[in-house]
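Working through the structure, step by step
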Amino acid sequence: MMDFQLTDDQRQFCEEARRFAAKELHIRTDSDNGKQLAYSRETWKKCAQLGILGLPFSEHYGGSNAGVLTTLLVMEALGETAKDYGLLFSLSAQLWSVQMPILEIGSEAQKAKYLPKLINGDIIGAHGMSEPNSGSDAFSLRTTAIRDGNDYILNGSKTFVTNAPNAEVFVVFANIDPPSKFMGITAFLVDAGTPGFNIGKPMEKMGLAGSPMAEIVFDNCRIPESARLGKERAGMRVFNSSMEWERACILACNLGAMQRQLDECIQYSNDRVQFGQPISANQAISHKIVDMKVRLEASRYLLYLVATKKDLGESAKMESAIAKLVLSEAWVASSLDALQIHGGYGYMVEYGIERDLRDALGGRLYSGTSEIQKNIIARELGL
């Protein structure tokens, strides 16, 4: 039996996160055209100073050793109060797809070089796997890393790289032996500014506008052997491990968003009077709100279960895929319900509900599409 009762320390962490989010994590816009801007370096640093990026990491690297469940509780609390989900997404992307693989697979020198600076906000990290011709089919990548003495020479490109415009270090994947296909995939750590490594202009997205994204290109980019993350041909292990973490944890802030949506819809439906009674008196409305509550609690349980297994050091490959699938689809469905409950007001930009929907839709795509999650679950079931 899993016990999800919060400890006093966890409650304190969460309350501090809510206060911080209410004060600091508002949406930044261009004053001339109202366009949402990516996070500022100053805001990122404040998040790091709060300890967000170090929660599940050892004090040896500047973390607080708080555990995975506590980390997800804090991200949930941030999502309940923050307005900028793009920033929360970027923080989560660094936590699980950059810091975690360095911790689990990196050399002691790599951990010492990168983790303290990533955790305290001095540098920002990005993860590059997807390519223009390899998205869900990740292991068909074409970027190569050809051995040249004690160096590797990288050629190729990556796309949809979260944090790329602001990042100083990149976890990237390349093939050291293209004829062997996916068996040659190897992971590397590449520093921004390395000759032959270029970052493209920011890419505009439908949602998560506060999270910057860009393409990166390698043109005879020479990196030393010490930049390799793990062993040669171990790229599949590095990627699969980081994706299990990302699937399990990157949507935690969306739980908070769903809680906020639920609270707002209850308040609005009780206050909004039509035909002489609150609209909450109509089953068409109350049942939508019930659906939102059921989705929220089911998603919360699944996510807490995965976090508990991770804290126990257990594998959660299928459970993380289930949690990612259920939570990503639930946030979309609840955002649609929230919009419908608010009617015409829900369609207006100033209410923020349409922004929630645009942000939510991305969750069905990143860290593996909903269809890929179903494939993972099917394989785990022996199908």
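Before reading further, recall that the structure is shown in the block above.
Report on the accompanying structure. (Residues numbered from 1 in each chain as written. Predicted model: local features only at pLDDT ≥ 70, side-chain atom pairs only at ≥ 80, totals over all residues. Heavy atoms only, no water.)

Okay, the overall build of the protein next. On a plain count of helices and strands, the protein comes out with eleven helices and ten strands. What you see for the protein is a C-alpha radius of gyration of 21 Å, in line with the 21 Å of a compact globule of 383 residues. By principal-axis analysis of the C-alpha atoms, the protein measures approximately 80 × 55 × 40 Å. With 383 residues in all, the protein has 53% of them scored as buried. For the protein, long-range pairs separated by at least 24 residues make up 74% of all intrachain contacts whose partners lie at least 6 apart in sequence. Here the protein carries 40 positive and 46 negative side-chain charges, and the mean point of each set is 3 Å from the other. (Helix = DSSP H or I, 4+ residues; strand = E, 2+ residues; numbered from the N terminus. Rg over C-alpha atoms; globule rule 2.2 N^0.38 Å. Buried < 20%, exposed > 50% of the residue type's maximum accessible area, 1.4 Å probe, protein only. Contact = heavy atoms within 4.5 Å. Lys, Arg positive; Asp, Glu negative; His and termini not counted. Charge placed at Lys NZ, Arg CZ, Asp CG, Glu CD.)

For helix 4 (residues 85–105), with 21 residues, the first-to-last C-alpha span of 29 Å sits near the 30 Å given by 1.5 Å per residue. Along helix 4, the sharpest change in direction is near 30° and occurs at Gln 99; proline Pro 101 comes one to four residues later. Counting buried positions along helix 4 gives 19 out of 21 residues, so the element sits mostly inside the fold. Where helix 4 starts, the residue carrying a side-chain oxygen 3.0 Å from the main-chain nitrogen of Gly 86 turns out to be Asp 84. (Expected span 1.5 Å × (residues − 1). Bend = angle between axes of the 7 residues up to and from the residue. Polar contact = N/O pair within 3.5 Å; in protein donor to acceptor, adjacent residues only side chain to side chain.)

Quick look at the environment of Glu 244 now. By secondary structure assignment, the location of Glu 244 is in helix 6 (residues 235–249). Overall, the relative accessible area of 11% leaves Glu 244 in the buried class. For Glu 244 and Tyr 345, which are 101 residues apart along the polypeptide, the C-alpha to C-alpha distance reads 38 Å. The contacts of Glu 244, once residues within four sequence positions are left out, are Lys 310, Ser 315, Ala 316, Lys 317 and Ser 320.

With that out of the way, let us pick up the packing of helix 3 (residues 68–81) against helix 7 (residues 252–271). In the contact formed by helix 3 and helix 7, the axes pass within 6 Å of each other and the chain directions differ by 40°. One element, helix 3, and the other, helix 7, form an angle in the oblique class. Crossing hand, helix 3 versus helix 7: right-handed. Each of Leu 72, Met 75, Glu 76, Gly 79 and Glu 80 in helix 3 lies in contact with helix 7, whose residues at this interface are Ala 252, Cys 253, Leu 255, Gly 256, Ala 257, Gln 259, Arg 260 and Asp 263. (Axes fitted to C-alpha atoms, helices over the stretch in contact; angles between N-to-C directions. Parallel < 35°, antiparallel > 145°, perpendicular 65-115°, else oblique. Left-handed = near helix turned anticlockwise from the far one by under 90°.)

Residues Tyr 345, Tyr 347, Met 348 and Tyr 351 make up a contiguous nonpolar surface patch of about 450 Å² in total accessible area. Inspection of the secondary structure assignment puts Tyr 345 in the loop between helix 9 (317–342) and helix 10 (353–362). (Patch = residues over 30% accessible without salt bridge, like charges linked within 9 Å, V, L, I, M, F, W, Y side chains within 5 Å. Areas by Shrake-Rupley, 256 points an atom, 1.4 Å probe, with all protein chains shown as cover. Salt bridge = Lys/Arg side-chain N within 4 Å of Asp/Glu carboxyl O.)

Under the criterion given, the structure shown has 30 salt bridges. A salt bridge links Lys 111 to Glu 108; the shortest N-O distance between them is 3.4 Å. Placement of both Lys 111 and Glu 108 in helix 5 (residues 108–120) is noted, with a separation of three residues, approximately one turn of the helix. For Glu 108, a relative accessible area of 54% puts it in the exposed group. Residue Lys 309 is joined to Glu 314 by a salt bridge in which the shortest nitrogen-to-oxygen separation is 3.1 Å. One network of salt bridges, with partners in common, ties together Glu 76, Lys 293, Glu 297 and Arg 300.

A separate point is the nonpolar core. The biggest cluster of nonpolar side chains holds 112 residues, and the ones touching the most others in it are Leu 25, Leu 78, Leu 154, Phe 170, Phe 173, Phe 188 and Val 190. Here the element with the most residues in this core is helix 4; it accounts for twelve residues. The contact partners of Phe 188, leaving out residues within four places of it in the chain, are Ala 145, Tyr 152, Phe 170, Val 171, Val 172, Ala 174, Ile 176, Ile 223, Ala 227, Arg 228 and Leu 229. (Core = buried A, V, L, I, M, F, W, Y, C linked by side-chain atoms within 4.5 Å.)

This part covers the pairing of strand 1 (residues 125–128). Sheet faces and side chains relate simply in a regular strand, where the side chains alternate between the two faces. A two-sided burial pattern is seen for strand 1, the buried positions comprising Gly 125 and His 127 on one face and Ala 126 and Gly 128 on the other. The pairing of strand 1 with strand 4 (residues 169–175) spans four bridges and is parallel. Within strand 4, the position partnered with Gly 128 by the bridge is Val 172. (Pairing = 2+ DSSP bridges.)

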